[in-house]
Amino acid sequence: MIYHWLALRLYIAIILLGRNAKNNKKLVISVEIKSEIGLKTQTYQDALMIRREVFVNEQKVELALEIDDNDPIAINYVGYLKQIPITTARTIPAENNGWHIQRVATLREFRHHQYGSTLLKQITKIAQQQHLDYLILDAQVAAIPFYQQLGYQLTKRAMFLDAGIAHREMILPLATKG
């Protein structure tokens, strides 16, 4: 197995809704995003912890379906808040110069604070720096508005079930052909 530390230590400011009553300034919380490839990495273990909580415990997906053949080859991204893993996603290569984003999850108590959005925006930035043409993902139907606000569009592929949950394919074009 190949273990590769991408050494991605980005501090991303998240502007939370609301203002500090004393000085009327927005509150800012910093999230550290790390990414690695490999099953024996701390990033993978943290990603798996989040995935187990969200997909297996909350959504009742079988663990045997959650852990798959893409785990050893995927780039796992994890967002940490004060060193606590709170959000994750992974990417694998997609045909025609793209990435397939999978296993997007945020722990329940950290949802609706833009942590997942920030993680996906960072993945998008990295994909653009690598001159990829698009990002694609299979969105749970309930999460379609979340992805649409990030610019993803539904493809023509019909709704399908994955682990018993309704999904739609969505794409984010990145490159324009000149």
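Please read these numbers as outputs of a predicted model, since none were measured by experiment.

The rules behind each value
- Per chain, the residues get numbers from 1 upward, laid out in the order the sequence is written.
- Totals for whole chains, interfaces and linings use every residue, but because this is a predicted model, local features are given only for residues with pLDDT of at least 70 and side-chain atom pairs only at 80 or more, for both listing and counting.
- Remark: hydrogens and water are excluded; side-chain values derive from all non-hydrogen atoms of the structure.
- Stacked, tilted and edge-to-face are the three classes applied to pairs of Phe, Tyr and Trp rings, where Trp contributes its six-membered ring and a pair requires centres within 6.5 Å; stacked means planes under 30 degrees apart, edge-to-face means over 60, and tilted covers the rest.
- Relative accessibility thresholds used throughout: buried, under 20% of the residue-type maximum; exposed, over 50%; partly exposed, between the two (1.4 Å probe, protein chains only).
- Using a 1 Å grid laid over the protein atoms alone, points where a 1.4 Å probe fits but cannot get out form a cavity; open sets with protein on both sides within 12 Å along at least 5 of 7 lines form a pocket; any residue with an atom within 4 Å of a point counts as lining.
- Grid points are joined across faces, edges and corners, and a volume is the space filled by probe spheres set on the points.
- Think of it this way: any DSSP run of H or I at least four residues long counts as a helix, any run of E at least two long counts as a strand, and we number them from the N terminus.
- Residue polarity is assigned by list, with Asp, Glu, Lys and Arg as charged and Ala, Val, Leu, Ile, Met, Phe, Trp, Tyr, Cys and Pro as nonpolar; anything else, Gly included, falls into the polar class.
- In the sections that follow, a salt bridge refers to a side-chain nitrogen of Lys or Arg positioned within 4 Å of a carboxyl oxygen of Asp or Glu.
- We define a nonpolar core as any set of buried Ala, Val, Leu, Ile, Met, Phe, Trp, Tyr and Cys residues linked to one another through side-chain atoms lying within 4.5 Å.
- Throughout, a contact is declared for two residues whenever any of their heavy atoms are within 4.5 Å.
- When DSSP finds at least two bridges between two strands, those strands are taken to pair.
- For every residue, the predictor states its confidence as a pLDDT score lying anywhere from 0 to 100.

Using the criterion set out here, one finds three aromatic pairs in the structure. Considering the side-chain rings of phenylalanine 146 and tyrosine 147, the 4.9 Å spacing of their centres and the 70 degrees angle between planes classify their relative orientation as edge-to-face. You can call phenylalanine 146 partly exposed: its relative accessible area is 26%. Summarising the aromatic geometry, the rings of tyrosine 147 and tyrosine 152 are spaced 5.9 Å apart at their centres and angled 75 degrees between planes, so their arrangement reads as edge-to-face. Note on tyrosine 147: relative accessible area 7%, which makes it buried. Judged by relative accessible area, which is 3%, tyrosine 152 ranks as buried.

We now examine the layout of surface pockets. Taken as a whole, the largest pocket encloses approximately 1,000 Å³ of empty space. Elements with a contribution of two residues or more to the lining of the largest pocket: β2 (10-19), α1 (42-58), α2 (63-66), β6 (98-106), α3 (115-129), β7 (134-140), α4 (144-148) and β10 (165-173). It is β6 that contributes the most residues to the lining of the largest pocket, seven residues altogether. Grouping the constituent residues of the lining of the largest pocket by class yields 21 nonpolar, twelve polar and six charged.

Glancing now at the pattern of salt bridges. Scanning all chains against the criterion turns up ten salt bridges. For arginine 103, the salt bridge identified is with glutamate 66, shortest N-O distance 3.0 Å. A residue pair is termed long-range when its members are at least 10 positions apart, and arginine 103 in strand β6 and glutamate 66 in helix α2 qualify at 37 residues. Like glutamate 66, arginine 103 is buried.

All right, on to the nonpolar core then. In terms of nonpolar packing, the biggest core is built from 39 residues, with Trp99, Ile101, Ile123, Leu135, Tyr147 and Tyr152 touching the most fellow members. For this core, the element with the most residues is α3, which contributes six residues. The residues touching isoleucine 123, leaving out its near neighbours within four places in the chain, are Tyr77, Ala89, Thr91, Trp99 and Ile101.

On to the pairing of strand β4 (residues 75-81), then. Burial analysis of β4 places seven of its seven residues in the buried class, the great majority of the element. Side chains Ile75, Tyr77, Gly79 and Leu81 of β4 all project onto a buried face; the interleaved residues Asn76, Val78 and Tyr80 project onto the opposite face, where all are buried too. Pairing geometry for β4 and strand β5 (residues 84-94), over seven bridges, is antiparallel. Bridged to asparagine 76 within β5 is arginine 90.

Here the focus is the confidence of the model for the protein chain. In the predicted model, the protein chain carries a mean pLDDT of 86, and 82% of its residues have values of at least 70. Confidence drops under pLDDT 50 across residues 1-22; counting only partners more than four residues distant or on other chains, this segment forms 63 contacts.

As a further point, take the environment of methionine 170. Inspection of the secondary structure assignment puts methionine 170 in strand β10. Along the primary structure methionine 170 and aspartate 138 are separated by 32 residues, whereas in three dimensions their C-alpha atoms are 6.2 Å apart.

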